[in-house]
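# Structure assessment
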Amino acid sequence: MTNDAGLLKGRIMPVLTVVAAILALWYAAAAWMNAPWTLAQAERAGKTLTLSEIVKDTMRQSRPRLPAPHQIAAEIWKTTVQKKITSKRSLIFHGWITLQATLAGFALGAAAGIVMAILITYSRTMELGLMPWAIISQTIPIVALAPMIIVVLATLGVEGRLVPKAIISAYLCYFPVLVGMVKGLRSPHREQLDLMKTYNASGIQTFFKLRLPASVPYLFTSLKIGIAAALVGAIVGELPTGAVRGLGARILIGDQFGQPIQIWAALSAAAILAGALIAIVGLLQRLTLKRMGMAQ
Amino acid sequence: MKAKEEKLRQDASECPRETVILARNLDLVFQTADGPVQALKDVSLDIARGDFVSFIGPSGCGKTTFLRVIAGLEEPTGGEITVNDLTPDEARRLRAYGYVFQAAGLYPWRTIAGNVKLPLEIIGFTRAEQDERVKKVLELVDLSGFERKFPWQLSGGMQQRASIARALAFDADILLMDEPFGALDEIVRDHLNEQLLKLWERTGKTICFVTHSIPEAVYLSTRIVVMSPRPGRIHEVIESPLPRERPLEIRDTPEFLEVAHQVREGLKAGHGYDE
């Protein structure tokens, strides 16, 4: 074991350095982009401002072109901790709406990806018939497809927003799972498959005792990509469709009412949510692989 | 089936040197992108119960291919072969042999005990019998106490021993080994060779052993099959005059060196024309 403090420093210092650099750049960009409005206001009022007055003003506009980080942080604080979670203005409320659709879409998409991967692994016909369509499905922009999915489902009598959002989310999320799982199910090499043959193992035994466990590391890697894609899908499902609830709706409404700070707060909340979801899948991955003896 | 088994039993009682594997004029041609490749040509060989037969030769001589044909993993394109008087495929379905591959090939997600259990689970032994057999074969390969370890926690030599235990766990009386110690260093290899001989003596199994080490082949075998490449064929079969009891020191005796010399000459004559 090396020095723990040294290890911590070695890991955390680079991260902190990058964060500090981003913040510095952000503040500089905010001052640069918001200054014209400050100068125009001053000119209209017939005042001349010193440089420090200009910089100070660019950090506290109510509708800046680029909000400063502390303004976004304050907005997040105001709309999470200081609001009841049942409030329409609470980010936690909107985040929960989006999270529900994300998790439903993730479950649906991951299940679809795994089932398709099994079909493709075992059937040459399925591979030829399914794979091209799976690839084509990912070349269609989701923003073009999302309104159609919502309209079609509404025509079919599906009530509410959750189902169409989950389907859009699943549509984005199944593909990485499919690709990763096909690779994982095909990862046993020839000797491992021959070994099963020498035992006269059945196809089902080979699947459960060899292919499936061999695919687990691949599965988790693609689940991490999948859950991020599912969140993007849920937000996209809220964007072009006049939804009033969810992080996507917050972004849309902020845009319509000219509230950049609100947009950025919702964006940051989505990023934090994505980070948390990936971290949870990562933790499950570590625990599972450790249990299986595959993490050294 | 019944009749065949009956015949087998009769043969066993009538003749002590019962033939387990019988190959006659075997041919095997692989169709590759570069045209057909003759992997085996006119291979004929009898292997008797309890024999320890080594196959030695340069790469491309078909020694591994022949082992795979015996195992029913490769279909010959000509000639005849029987294993326990059955076709190799029938023998495979009855789990007539245990196969040890060049790489230990243990499943990383199973413990050592779990890996040895794999064939037992597939064949369908009861839980109690599985545990009992695992205990027995791990003792046999000197790995007691490592049941709960994962493969990566063991050295290469120990992993290969575990894979031999896996092949011994069920009741196959033939052991097919494809360069099982090829990736190990010489000290570990010596040790494993010694253990393998003891194991062979205790279990009375018929062993087919592919190697490209002359000392290994001479030390282990009752018969050494020297093969030559392009097309893969048997150049010479050398009967070893060495006793079945073989301490490691036997490798310094004139008898041992004489057999080794014979094998080396055979290898030279077998593929001298293209080098």
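## Some words on the sheet that holds strand β2 (residues 35–48) of chain B
Residues and elements named next belong to chain B. The sheet built from 3 strands is open, its strands ordered β2-β1-β4 with antiparallel pairing. Single-partner strands in this sheet number two, and they are β2 and β4 (78–83). Across the sheet, the axes of successive neighbouring strands diverge by a mean angle of 20°, strand direction being ignored. Across 5 bridges, the pairing between strand β1 (residues 19–32) and β4 is antiparallel. Residue Ala23 lies in a different strand from β4, and its bridge partner there is Ile81. Here helix α2 (residues 63–70) sits on the sheet in contact with β1, β2 and β4, set at roughly 115° to β1.

## Examining the nonpolar core
Counting 133 residues, the largest nonpolar core has Leu178 of chain A together with Phe55, Phe66, Leu176, Val218, Ile224 and Val263 of chain B as its most contacted members. With residues near it in sequence (within four places) discarded, Ile224 of chain B still touches Ser54, Ile56, Ala217, Val218, Glu236, Val237, Ile238, Val259 and Val263 of chain B. Of all hydrophobic cores here, the second largest spans 11 residues; its members include Ala146, Ile150, Leu153 and Ile168 of chain A.

## A look at a nonpolar patch on the surface
On the surface, Val15, Val19, Leu23 and Tyr27 of chain A cluster together to form a nonpolar patch covering roughly 310 Å² of accessible area. Structurally, Val15 of chain A can be placed in helix α1 (residues 4–45).

## Examining the side chain of Asn115 of chain B
Residues and elements named next belong to chain B. Note on placement: Asn115 falls in helix α4 (residues 112–123). Here Arg110 takes part through its backbone oxygen, which lies 3.0 Å from a polar atom of the side chain of Asn115. The residues touching Asn115, leaving out its near neighbours within four places in the chain, are Leu106, Tyr107, Arg110, Pro151 and Arg166.

## Overview of helix α7 (residues 186–203) of chain B
All names here are of chain B. A rise of 1.5 Å per residue sets the reference length of α7, with its 18 residues, at 26 Å; its end C-alpha atoms lie 25 Å apart and thus fit the reference within 8%. In this fold, the buried residues of α7 make contact with β3 (52–56), α5 (127–140), α6 (156–168), β6 (174–178), β7 (206–211) and α8 (214–220). Two residues or fewer after α7 comes Gly204, characterised by a positive phi angle close to 65°.

## Overview of the pairing of strand β8 (residues 223–228) of chain B
All names here are of chain B. With 6 of its 6 residues buried, β8 lies for the most part within the structure. A two-sided burial pattern is seen for β8, the buried positions comprising Arg223, Val225 and Met227 on one face and Ile224, Val226 and Ser228 on the other. Pairing of β3 with β8 involves 4 bridges; the strand directions are parallel. Residue pairing across strands places Val53 opposite Arg223, the latter belonging to β8. As paired elements, β8 and strand β9 (residues 233–239) share 6 bridges and run antiparallel to each other. In the strand pairing of β9, Met227 is matched with Ile234. The loop that links β8 with its antiparallel partner β9 comprises 4 residues; one of these, Arg230, has a positive phi angle of about 45°.

## Focus: the environment of Leu219 of chain A
Residues and elements named next belong to chain A. Mapped onto the secondary structure, Leu219 falls in helix α9 (residues 203–238). Classification of Leu219 as buried rests on a relative accessible area of 15%. Along the chain, Leu219 and Thr98 lie 121 residues apart, while their C-alpha atoms are 24 Å from each other.

## A look at the domain arrangement of chain A
All names here are of chain A. Assigned domains within chain A: domain 1 (4–66) and domain 2 (91–292). Taken over C-alpha atoms, the centre of domain 1 sits 37 Å from the centre of domain 2. Counting from both sides, the interface comprises 6 residues of domain 1 and, opposite them, 6 residues of domain 2. On inspection of domain 1 and its partner domain 2, the count reaches 0 salt bridges. Linking domain 1 with domain 2 are 1 residue pair in polar contact (both at pLDDT 80 or more), by the criterion used here.

## A few points about the confidence of the model for chain B
Residue and element names in this part refer to chain B. In the predicted model, chain B carries a mean pLDDT of 85, and the fraction of residues at 70 or more is 92%. The secondary structure element of chain B with the lowest average pLDDT is helix α1 (residues 2–14), at 50, and the one with the highest is α4, at 93. Residue range residues 11–15 is modelled with pLDDT below 50. Its contacts to residues more than four positions away, or to other chains, number 2 contacts.

## Re the packing of α6 of chain B against α7 of chain B
Residues and elements named next belong to chain B. Viewed as axis vectors pointing N to C, α6 and α7 meet at an angle of 20°, and their least axial separation amounts to 11 Å. In this view, α6 runs roughly parallel relative to α7, as classed from their interaxial angle. For the crossing formed where α6 meets α7, the hand is right-handed. Here Gly157, Arg161 and Leu168 of α6 come into contact with α7, specifically with Val188, His191, Leu192, Gln195 and Leu199. Split into classes, the residues belonging to the contact of α6 with α7 amount to 4 nonpolar, 3 polar and 1 charged.

## Quick notes on the side chain of Gln195 of chain B
Locating Gln195 of chain B in the fold gives a position in helix α7. Beyond its immediate stretch of four places on either side in the chain, Gln195 of chain B contacts Val141, Asp142 and Arg161 of chain B.

## As for the interface of chain B and chain A
Residue-level contacts link 24 residues of chain B with 22 residues of chain A. Summing both sides of the interface, chain B and chain A together bury roughly 2300 Å²; the carbon and sulfur share of this comes to 59%. On the surface where chain B and chain A come into contact, there are 3 salt bridges. One salt bridge connects Glu74 of chain B with Arg190 of chain A, and the closest N-O pair in it is separated by 3.9 Å. The interface formed by chain B and chain A holds 7 residue pairs in polar contact (both at pLDDT 80 or more) in total. Among the secondary structure elements, those contributing two or more residues to the side of chain B that touches chain A are α3 (88–93), β5 (97–100) and α4 of chain B. With 4 residues, the top contributor of residues to the side of chain B that touches chain A is α4 of chain B. For the side of chain B that touches chain A, the class distribution of residues is 14 nonpolar, 2 polar and 8 charged.

The rules we used
- Residues numbered from 1 in each chain as written.
- Chains lettered and ligands numbered in written order.
- Predicted model: local features only at pLDDT ≥ 70, side-chain atom pairs only at ≥ 80, totals over all residues.
- Heavy atoms only, no water.
- Pairing = 2+ DSSP bridges.
- Helix = DSSP H or I, 4+ residues; strand = E, 2+ residues; numbered from the N terminus.
- Axes fitted to C-alpha atoms, helices over the stretch in contact; angles between N-to-C directions.
- Contact = heavy atoms within 4.5 Å.
- Core = buried A, V, L, I, M, F, W, Y, C linked by side-chain atoms within 4.5 Å.
- Buried < 20%, exposed > 50% of the residue type's maximum accessible area, 1.4 Å probe, protein only.
- Patch = residues over 30% accessible without salt bridge, like charges linked within 9 Å, V, L, I, M, F, W, Y side chains within 5 Å.
- Areas by Shrake-Rupley, 256 points an atom, 1.4 Å probe, with all protein chains shown as cover.
- Salt bridge = Lys/Arg side-chain N within 4 Å of Asp/Glu carboxyl O.
- Polar contact = N/O pair within 3.5 Å; in protein donor to acceptor, adjacent residues only side chain to side chain.
- Expected span 1.5 Å × (residues − 1).
- Domains from an automatic or database assignment.
- pLDDT = per-residue confidence, 0-100.
- Parallel < 35°, antiparallel > 145°, perpendicular 65-115°, else oblique.
- Left-handed = near helix turned anticlockwise from the far one by under 90°.
- Nonpolar A, V, L, I, M, F, W, Y, C, P; charged D, E, K, R; others polar.
- Buried area = accessible area lost by both parts, 1.4 Å probe.

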